[in-house]
Amino acid sequence: SKGKALSDEDKWVSDKLSKLTLEEKIGQSFMVACWSNRGEDHIKEIEQQITEDKIGGVIFFQGERENLQNSIDRFQKKAEVPLLIGMDAEWGIAMRIFQEERFPYAQTIGAANDVELTKKMGEYMAIECDQMGIHLSFSPVADVNSNPKNPVIGFRAFGSDATHVSKHVSAFVQGMEGQNVLSCVKHFPGHGDTDADSHLELPTVSHTEAEFRSVDFAPFKSGIAAGTSAVMVAHLNVPSLDNSGTPSSLSKKVIQGYLRNELKFKGLVISDALNMKAVSEKYGKSEVVAKAYIAGCDIVLFPESVKEAIQLIRRKVDAGDLEITEIDARCKQVLHAKYKAIIHKPMVKRKDVSIERKLACAQVYEKAMVVIKNDNQSLPLERLDRKI
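Let me begin by describing the structure that accompanies this report. (Residues numbered from 1 in each chain as written. Predicted model: local features only at pLDDT ≥ 70, side-chain atom pairs only at ≥ 80, totals over all residues. Heavy atoms only, no water.)

Structurally, Asp 242 can be placed in the loop between strand 6 (230-233) and helix 9 (252-262). When the C-alpha positions of Asp 242 and Val 300 are compared, they lie 20 Å apart, and in sequence the two are 58 residues distant. Excluding residues that lie within four positions of it along the chain, Asp 242 makes contacts with Ser 251, Lys 253 and Val 254. Engagement of the side chain of Asp 242 in a polar contact is seen with the side chain of Ser 244, the distance being 2.7 Å. Among the polar contacts made by the side chain of Asp 242, one reaches the side chain of Ser 251 at a distance of 2.8 Å. (Helix = DSSP H or I, 4+ residues; strand = E, 2+ residues; numbered from the N terminus. Contact = heavy atoms within 4.5 Å. Polar contact = N/O pair within 3.5 Å; in protein donor to acceptor, adjacent residues only side chain to side chain.)

Right, let's talk about a nonpolar patch on the surface for a bit. Together, Val 371, Leu 379, Leu 381 and Leu 384 make up a nonpolar patch on the protein surface, roughly 390 Å² of accessible area in all. Assignment of secondary structure puts Leu 379 in the segment after helix 14 (354-368). (Patch = residues over 30% accessible without salt bridge, like charges linked within 9 Å, V, L, I, M, F, W, Y side chains within 5 Å. Areas by Shrake-Rupley, 256 points an atom, 1.4 Å probe, with all protein chains shown as cover. Salt bridge = Lys/Arg side-chain N within 4 Å of Asp/Glu carboxyl O.)

Next up on the list: the pairing of strand 6. Because side chains alternate across strand 6, one face comprises the buried residues Ala 230 and Met 232, and the other comprises Val 231 and Val 233, equally buried. Bridge count for strand 5 (residues 182-188) against strand 6 is three bridges, and the pairing is parallel. Counterpart to Phe 188 in the pairing with strand 6 is Val 233. This β-α-β element, strand 5 to helix 8 (residues 209-225) to strand 6, shows right-handed connectivity. Relative to strand 7 (residues 268-271), strand 6 runs parallel, the two being bridged by four bridges. (Buried < 20%, exposed > 50% of the residue type's maximum accessible area, 1.4 Å probe, protein only. Pairing = 2+ DSSP bridges. Right-handed = clockwise from strand over helix to strand, strands pointing away.)

Following the criterion strictly, the structure yields 13 aromatic pairs and no others. When the ring of Phe 60 is compared with that of Phe 75, the centres are 6.1 Å apart and the planes differ by 15°; the resulting orientation is stacked. Here Phe 60, found in strand 2 (residues 57-60), pairs with Phe 75, found in helix 4 (residues 65-78); they are 15 residues apart in sequence, far enough to count as distant. When sorted by exposure, Phe 60 lands in the same class as Phe 75, which is buried. Taken together, the aromatic side chains of Phe 188, Phe 212, Phe 217, Phe 220 and Tyr 258 make up a single cluster linked through ring pairs. (Phe/Tyr/Trp six-rings, centres within 6.5 Å; stacked < 30°, edge-to-face > 60°.)

So, on to the nonpolar core. One finds Phe 30 and Val 58 to be the most contacted residues of the largest nonpolar core, which totals 93 residues. In terms of residue count, the dominant contributor to this core is helix 6 (residues 115-132) (eight residues). The next biggest cluster of nonpolar side chains, apart from the first, holds 22 residues, and it includes Trp 35, Met 232, Leu 268 and Ile 270. (Core = buried A, V, L, I, M, F, W, Y, C linked by side-chain atoms within 4.5 Å.)

Taken together, eight strands build an open sheet; the order of strands is 7-6-5-4-3-2-1-8 and the sheet is parallel. The open sheet has two free edges, formed respectively by strand 7 and strand 8 (300-301), since each of these has just one partner strand. Here strand 4 (residues 136-137) runs beside strand 5; their pairing, made up of two bridges, is parallel. Note on strand 5: the bridge partner recorded for Ser 137 is Ser 183. Across the face of the sheet, helix 3 (residues 40-51) comes into contact with strand 1 (30-34) and strand 2 while running at roughly 170° to strand 1. Each of strand 1, strand 2 and strand 3 (84-87) is contacted by helix 4, which is oriented at about 170° to strand 2, the strand it contacts most. (Axes fitted to C-alpha atoms, helices over the stretch in contact; angles between N-to-C directions.)

Written out as structure tokens, the structure is:
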């Protein structure tokens, strides 16, 4: 019964919330970066952030399967509230983990243009995450890759047409969420039409508000309608949406005005990584975290100064710049996501899907195959006894 499931969730969330101090509530929004292959000192440092700063989650970067699983186990044992584990697994965990078989890139999945297969890709990527103890995959990319000079999106997007991208975002989200792994559409309000890389500088998207609405917002709308758990907000300068020069990830106008009010998104809002040069060079390490949090990010991703940032946010409350209700709201968002992805997750006996997965990937490659040119008329193939 839907009613009962809901009240169990609300009970769990309010029970956990009532046991947390103000600092611990803030800490739930912190998702720190871990490289599971960086050795014992690094792992210990994160264990310390779990026990002392009571951080809410960990995003994993490079590592191998074994040290990833060990780290996750160690971290979860140390946490009072289960940690939310995230990864940029856009083409499966192979995006970050060595010696893993990768899935087709989004561009290839989009080129195959078969929504059933796209949904299957979402399902199999979710199963792989689930087996590793990863609850939140920062995918799919919902950007419309309309700028051929884009140095950072490119093959990570499903394509260059908003309707096409929307259709595949929706299918992928359904596939992933259907396996009880949280999906996250990114990079709101749309990183497709940039010729700069936000890891290195703050790109400007000079679309009008109408262009954002008709092109860039479309795939986010369809991801939200398909039930995505999270939306990641990019570090972009978007003058038509916020003319103050504030990066979108730190902008109340973009997050509250457009994402929450206009697109009616009720789930987790996540900042893009706060160590990226687009924001890290202009603002102080703890200031940038506080700004993202105050602007409306429920999860601040890759904060570089945890203790200081938590204290800074706490001081904003003491100074009356931030309401306790806001802190509770952010913390509840995180706890609801944890309930959904960890506590309430049905215990399914996973059958081995490696054969089905291989087949589905092969079908994507087959359908994505296209002839761009046939200059010297080598098609149709005549002689198979020589290299083509």
